[in-house]
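Examining the three-dimensional arrangement
Single-letter residue listing:
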Protein chains: 2
Amino acid sequence: MIIVKIGGGAGINLQGIIEDLAQIQERFVIVHGANAVRDKLAEDLGQPKKVVTSVSGYSSVYSDETLIDQMMMAYAGVRNKRIVELCQQKGINAIGLSGLDGKAVQGVRNKGIRVYEGGKLKILRDYSGKPEAVNKSLLDLLLDHGYVPVLTVPIIDEQSTAINTENDDVVRVLQKTLRADTVVNLIEAPGFLEDKEDEGSLIRRIPAAELEAREQQVDGRMKRKMLAVRKLLEHGASRVVIADGRGEHPVRDALSGKGTVIE
Amino acid sequence: MIIVKIGGGAGINLQGIIEDLAQIQERFVIVHGANAVRDKLAEDLGQPKKVVTSVSGYSSVYSDETLIDQMMMAYAGVRNKRIVELCQQKGINAIGLSGLDGKAVQGVRNKGIRVYEGGKLKILRDYSGKPEAVNKSLLDLLLDHGYVPVLTVPIIDEQSTAINTENDDVVRVLQKTLRADTVVNLIEAPGFLEDKEDEGSLIRRIPAAELEAREQQVDGRMKRKMLAVRKLLEHGASRVVIADGRGEHPVRDALSGKGTVIE
């Protein structure tokens, strides 16, 4: 079993990715983002992201109802259905699912962000949370009958409300439940870079044992991504490949070891 | 088996409809529209519908790539996922599907519209067509495992391209394939009206045998709707109820005979 995570950047070569996947013999599940589509939609609608800063100085996107609507349009709507269409054209019998559909991805809603507002401490609650479980029987049912699940956010919380979450966390829960041995993460870079400004500084291989030390050297989004990889390996993945989603054959290249291979 | 078609108008009481459906013992499938959401989105994006007029004087919406993207956002995206969310909250284990997902609804693309452009005859081809088949084995698989399919456009054509179609036609193919005995069509009116300006002019009952004569008395969209009903009955539906989707209990009322009952 392979989990293929397709990044949501505008430069991702969807055509190439799906053509490669059509050649794969092993079972696979797709998880995808759509941030470029969503950002464009938000801009066109004049609904920019709201960012809030917690009392501890941590900034995060405020997922209100408008943002969830945008995610349903961008992620579960146009990006998901265009990927499903492309899959069908290449002979992959894909079925797009948000985490809401058949409770495919179930999460727990965040308790709220502690913020100062007008000098007063306040708890701001939004529609965001962490995935905790996937509906394995639904995914197995579809896979056993030849359908390929194409998963994306939003997911469903304990009150059956739509919530935003990180796709990396969805991949983690999915890997653990489906016991996928390989996770391919297709991004808009050649892989993990020593210097994020220099695409020539690709780290070709990171032994699993070195991952924690590597995590200390980086920060921000990259640190979170490395932590996500470490968790995948702890939960039984034997190989994680962070690879370029922009090339002619992104999946073929990733599976043949191009990119950053962590095992 | 009941097919419940939920109109896409802004006045439709989704909450009431889903609460009613949660009480139903019989199997059902949902088909829904989203025209209010789509029109609002198109307006907010500054992408109005393009209407073309054929050489024979017939006007129709031109379904270009932008329109299909909008449909994916409005129909398969936010409207579908909000309905699925509501279903899950009421205990219905819904799975949203566009016609693309698992080739749930397969159609044939229109050959093109003959138009005059700059005095010259031209064939304008768009992404629209007619549904011809549904993936019965997928719908049965889901229903047999306790999932309720929530279907919407776009559908998939013979080249696996996303195309626009009329939801009434989707309902027709679905009824024929699933052999549904009852079709409930929830709209923003009390049912078929003698005078479309007067909600008090509800036609309570139309015997199937009178339907063709009735069709001759009306025109435009209503004529198309009556033709659609006639085809449902010809293909084995025993009862079609056109009922108000705006009330407190739209489905309960419809099944108890409020609205226009055609049988």
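Reading the values: rules and limits
Residues numbered from 1 in each chain as written. Chains lettered and ligands numbered in written order. Predicted model: local features only at pLDDT ≥ 70, side-chain atom pairs only at ≥ 80, totals over all residues. Heavy atoms only, no water. Helix = DSSP H or I, 4+ residues; strand = E, 2+ residues; numbered from the N terminus. Contact = heavy atoms within 4.5 Å. Least-squares fit on C-alpha atoms with pLDDT ≥ 70 in both. Salt bridge = Lys/Arg side-chain N within 4 Å of Asp/Glu carboxyl O. Buried < 20%, exposed > 50% of the residue type's maximum accessible area, 1.4 Å probe, protein only. Pairing = 2+ DSSP bridges. Buried area = accessible area lost by both parts, 1.4 Å probe. Polar contact = N/O pair within 3.5 Å; in protein donor to acceptor, adjacent residues only side chain to side chain. Right-handed = clockwise from strand over helix to strand, strands pointing away.

Moving on, we get to the side chain of Thr 161 of chain A. Structurally, Thr 161 of chain A is set in the loop between β11 (155–156) and β12 (162–163). Once residues lying within four places of it in the same chain are set aside, the contact partners of Thr 161 of chain A are Leu 100, Tyr 127, Ile 155 and Ile 156 of chain A together with Glu 85 and Gln 89 of chain B.

What follows covers the relation of the copies chain B and chain A. Structural alignment of chain B on chain A gives an RMSD of 0.0 Å, achieved by rotating through 180° and translating 0.0 Å along the axis. Expressed as a symmetry operation, the mapping of one chain copy onto the other fits a two-fold axis. Taken together, the interface assignments show that 100% of the residues at the interface of chain B recur at the interface of chain A, consistent with an identical surface on both copies.

Residue and element names in this part refer to chain A. With the rule as written, the count across this model stands at 45 salt bridges over all chains. In this structure, Asp 39 and Lys 49 form a salt bridge, with 3.8 Å as the shortest nitrogen-oxygen distance. Of the two residues, Asp 39 is situated in helix α2 (residues 35–44) and Lys 49 in the loop between α2 and β3 (51–53); the sequence distance between them amounts to 10 residues. Here Lys 49 falls in the partly exposed class, since its relative accessible area comes to 43%. The partner of Glu 166 in a salt bridge is Arg 224, with the nearest N and O atoms 3.6 Å apart. Placement of the pair is Glu 166 in the loop between β12 and α5 (167–178) and Arg 224 in helix α7 (residues 220–234), with a sequence separation of 58 residues. The exposure class of Glu 166 is partly exposed, given its relative accessible area of 31%.

For the rest of this paragraph, the subject is the sheet that holds strand β2 (residues 28–32) of chain B. Pairing in this open sheet of eight strands is mixed, and the strands run β5-β10-β2-β1-β13-β15-β16-β14 (chain B) from one edge to the other. A single partner strand is all that each edge strand has here, and the edge strands are β5 (94–98) and β14 (205–206) of chain B.

So, on to the interface of chain B and chain A. Between chain B and chain A, the residue contacts involve 40 residues of the former and 40 residues of the latter. Summed over both sides, the interface of chain B with chain A buries roughly 3000 Å², with 64% coming from carbon and sulfur. Across the salt bridge formed by Asp 101 of chain B and Lys 81 of chain A, the nearest N and O atoms sit 3.0 Å from each other. There are 18 residue pairs in polar contact (both at pLDDT 80 or more) connecting chain B and chain A. Of all the secondary structure elements, the ones that give two or more residues to the side of chain B that touches chain A are α2 (35–44), α3 (65–89), β5 and α4 (136–144) of chain B. Ranked by residue count, the leading element in the side of chain B that touches chain A is α3 of chain B, at 15 residues.

The next thing to look at is the environment of Val 61 of chain B. Residue and element names in this part refer to chain B. With respect to the secondary-structure elements, Val 61 resides in strand β4 (residues 59–61). A relative accessible area of 30% means that Val 61 is categorised as partly exposed. When neighbours within four sequence positions are excluded, Val 61 is seen to be in contact with Lys 49, Lys 50, Val 51, Leu 67 and Asp 126.

Residue and element names in this part refer to chain B. Counting buried positions over the five residues of strand β1 (residues 2–6) gives five, a clear majority of the element. Side chains Ile 2, Val 4 and Ile 6 of β1 all project onto a buried face; the interleaved residues Ile 3 and Lys 5 project onto the opposite face, where all are buried too. Inspection of the sheet shows β1 paired to β2 by five bridges, in the parallel sense. Paired with Ile 2 across the strands is Phe 28, a residue of β2. With respect to chirality, the unit in which β1 leads through helix α1 (residues 14–21) into the neighbouring parallel β2 is right-handed. Sheet topology note: the β1/strand β13 (residues 182–187) ladder contains five bridges and is parallel.

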